[in-house]
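Inside the fold
Read off the chains here:
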Amino acid sequence: MLPYIAEFLGTMLLIILGDGVVANVTLNKSGMKGAGSVQITFAWGLAVLLPAFIFGAASGASFNPALTIALAADGSFAWSMVPGYIVAQIAGAFVGACIVYLLFKEQFDATEEAGTKLGVFSTGPSVPNMPLNILSEAVGTFVLVFAIKGLAQVNAAPGVSNFLVFGIIVSVGMSLGGLTGYAINPARDLGPRLAHAVLPIKGKGSSNFGYGLIVPIVGPILGALAAVGLYAIIPW
């Protein structure tokens, strides 16, 4: 039971910190409004780093269905635990997003743009193009998972590995984030998008499930599977 609890709590914390920085930087009447994409990108890296330190020993700190599925596919993780992990990750992301809404309710109420409000919860493309958007998410997740697998080559201590994952997240965001918002994690997008759909957010508009049920789910899973597949055939 502990691994599932850890995945739930870790993903919840990830979203509180990750969606929280987007709210902090983009919503009206926030004291940090306008701080920009650099703050958002670094804060998302830290949003992964902190729960990884706390829950890594308990669950492996996946917090990402694409990574969980890929590790099961290459034999590093038990398939029997995959469904429970995915449910815990999505549920944790949903609860984390609800907490962000409660914390920033006054700022949400003061913000008129529906797209800005949705952007706090979930990702979206700068240029809508479904095939290229899926490819962007697949490539970003490929880099993430391939680099995580590659940590085995440096024999880093667990704590050091967490810092390296922070670097991976920041690198992907800095280089590819402008294309689709770099979900690179189906739970990170789906859980908050579901929260956006059910929460009584003033003037919220559409939750855009036509995009959200395809691009940030299909792209990351394909990219993660490609990463472990390639890593497995390289004669290290």
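Quick note: structure is the one above.
Read on for a plain summary of the structure. (Residues numbered from 1 in each chain as written. Predicted model: local features only at pLDDT ≥ 70, side-chain atom pairs only at ≥ 80, totals over all residues. Heavy atoms only, no water.)

Some words on the overall build of the protein
Defined as follows: Strands are runs of DSSP state E lasting at least two residues, helices are runs of H or I lasting at least four, and both sets are numbered from the N terminus onward. Three exposure classes are used, based on accessible area relative to the maximum for each residue type with a 1.4 Å probe and protein chains only: buried under 20%, partly exposed in between, and exposed over 50%. By definition, residues are in contact when any of their heavy atoms lie within 4.5 Å. Per-residue accessibility takes into account occlusion by the displayed protein chains alone, with areas from the Shrake-Rupley method and a 1.4 Å probe.
A tally of helices and strands in the protein yields 11 helices and 0 strands. Order of helices (α) and strands (β) in the protein, N terminus to C terminus: α-α-α-α-α-α-α-α-α-α-α. Summarising its shape, the C-alpha atoms of the protein cover approximately 55 × 40 × 30 Å along the three principal directions. Burial statistics for the protein: of 236 residues in total, 48% are counted as buried. Put simply, 77% of the contacts in the protein that link residues at least 6 apart link residues at least 24 apart. Looking at the protein as shown, the accessible area adds up to about 10100 Å², and 72% of this sits on carbon and sulfur atoms.

Some points on the side chain of Ser122
For Ser122, the position within the fold is in the loop between helix 6 (114-121) and helix 7 (130-150). Taking relative accessible area as the criterion, Ser122 reaches 4% and is therefore assigned buried.

Describing a nonpolar patch on the surface
As a reminder of what qualifies: In this scheme, patches are assembled from residues that exceed 30% relative accessible area and form no salt bridge. Like charges are connected within 9 Å, while nonpolar side chains (Val, Leu, Ile, Met, Phe, Trp, Tyr) are connected within 5 Å. Any carboxyl oxygen of Asp or Glu that lies within 4 Å of a side-chain nitrogen of Lys or Arg is treated as forming a salt bridge with it.
Where nonpolar side chains cluster on the molecular surface, the patch consists of Met130, Leu213, Ile214, Val218 and Leu222 and spans about 390 Å² of accessible area. Within the secondary structure, Ile214 is located in the loop between helix 10 (209-212) and helix 11 (215-233). Among the residues examined, Ile214 registers a relative accessible area of 32% and is labelled partly exposed.

Some thoughts on the packing of aromatic side chains
Spelled out, the test is: Side-chain rings of Phe, Tyr and Trp (the six-membered ring for Trp) are treated as a pair once their centres are within 6.5 Å; stacked means planes under 30 degrees apart, edge-to-face means over 60, and tilted covers the remaining angles.
All chains considered together, the criterion is met by 9 aromatic pairs. Note on Tyr101 and Phe108: the rings are 5.6 Å apart at their centroids and 50° apart in plane angle, and the pair reads as tilted. Where Phe142 meets Phe146, the ring centres are 5.3 Å apart and the plane angle is 10°; that geometry is what we call stacked. With Phe142 and Phe146 both in helix 7 and 4 residues apart, the pair spans about one turn of that helix. Relative accessible area serves as the criterion here: at 22%, Phe146 is assigned to the partly exposed category.

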